[in-house]
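The primary structure of each chain is shown beneath.
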Amino acid sequence: MRRGILEWFLGAADGEIRALEDVPGIEPERLRELWCAEPELMLRLDRLYAASQRAFERRTRAAVAEDLLRALRAVARGADVARLDTAVALAESRLEADTVTAGARGLNIGLTCGVVVSPVVLVVVFALGAWLPGLFGVDFGCQERLALVHALVCFAGGAMGAVFSVIIRLRDPQQLIRSRAGRGILDADPVQLSQTLRQEGWYRVVVGWFLATSLFLLVSGGILTVLTPPLTPAELCGPGPLTAAGHQAMVKAWFFWGAIGFLAGLNERWARGLLRHPSAPRDEAVREDGAHRS
């Protein structure tokens, strides 16, 4: 049970990659004859057999490898080569689907972790914000607490905006997977690809946090005057008790800062260059940009 759960998240454990020459039940002489008669088909078969042994899901590893070997043994015994060609085509389709599943699952797990961790970070930051000023003899009054609450609401909106930005651009998951796979979708290691996209999903949320926080500082500091808060903490913190209109204004301010953070998080795609190695070739960057724009 535990192993199955871990493999669902992380992929099947790596094992030893076997070559076609090491498969029992196939005579070496007959295998050499097939290589001479059908070099292109056998090259595809050899490539797919190696790819099947590093598939993301264990059931895919076993099923694809068994289908390929069954077809190869049948052809070695005199069956039509078309059977092997059909098995190779089916294996390509199943392995591509397995790689796409690995990438999509990794990205979704990363985004989900970012969303789940966000409330924990908010609680920790709020607790530290209420506790640290007292260590330095600073009075943390109503205005300061409201400003901190607004900042955290904006912070949470940035995480949601970043997740939404990624989701609406993933109409075709294969485009993003291909941009990360590099040479080809079948040449990629699905387990490593899942880990890479899992980290990228988390990074997207972090970028949304920073963008939302930056926009909050610009608006609250009066640097960006295009966006004006409905009411400032000073206007909400009066000498008397908060009225019904004041409660309504406070809720409106929360929605305002949440929307500001959400809009900031939607622009996490600006930071996609941070997620690519600086030595990556320019044509890879162009492919990635095309995948995001589609």
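Student: How would you sum up the environment of leucine 31? Please name residues and give values.
Tutor: Note on placement: leucine 31 falls in helix H2 (residues 28-37). With 42 residues separating them in the primary sequence, leucine 31 and arginine 73 have C-alpha atoms 9.5 Å apart.

Student: Hey, could you go over a nonpolar patch on the surface for me, with residue numbers and the actual values?
Tutor: Together, Val120, Val124, Leu128, Trp131, Leu132, Leu135, Phe136 and Val138 make up a nonpolar patch on the protein surface, roughly 820 Å² of accessible area in all. One can find leucine 128 in helix H5 (residues 81-135). A relative accessible area of 38% places leucine 128 in the partly exposed class.

Student: Please provide a residue-by-residue account of the pattern of salt bridges, values included.
Tutor: For the structure on display, the rule yields ten salt bridges. Arginine 204 is the partner of glutamate 200 in a salt bridge, and the nearest nitrogen-oxygen pair spans 2.8 Å. Of this pair, glutamate 200 and arginine 204 both sit in helix H8 (residues 190-220), four residues apart, which is roughly one turn of that helix. Each member of the pair, glutamate 200 as well as arginine 204, carries the same accessibility label: buried. It is possible to trace a salt-bridge network through shared partners that takes in Glu66, Asp67, Arg70 and Arg94.

Student: How would you summarise the nonpolar core if you had to cite specific residues and measurements?
Tutor: Counting 24 residues, the largest nonpolar core has Leu20, Met42, Leu45, Tyr49, Leu68, Leu72 and Leu84 as the members making the most contacts within it. Among the secondary structure elements, those contributing two or more residues to this core are H2, helix H3 (39-52), helix H4 (58-76) and H5. The element contributing the most residues to this core is H4, with seven residues. Aside from chain neighbours lying at most four places away, what touches leucine 20 is Leu31, Met42, Leu45, Asp46, Tyr49, Leu69 and Leu72. Ranked by size, the runner-up nonpolar core spans 14 residues in total, among them Leu152, Val166, Leu193 and Val205.

Reading the values: the criteria
Residues numbered from 1 in each chain as written. Predicted model: local features only at pLDDT ≥ 70, side-chain atom pairs only at ≥ 80, totals over all residues. Heavy atoms only, no water. Helix = DSSP H or I, 4+ residues; strand = E, 2+ residues; numbered from the N terminus. Patch = residues over 30% accessible without salt bridge, like charges linked within 9 Å, V, L, I, M, F, W, Y side chains within 5 Å. Areas by Shrake-Rupley, 256 points an atom, 1.4 Å probe, with all protein chains shown as cover. Salt bridge = Lys/Arg side-chain N within 4 Å of Asp/Glu carboxyl O. Buried < 20%, exposed > 50% of the residue type's maximum accessible area, 1.4 Å probe, protein only. Core = buried A, V, L, I, M, F, W, Y, C linked by side-chain atoms within 4.5 Å. Contact = heavy atoms within 4.5 Å.

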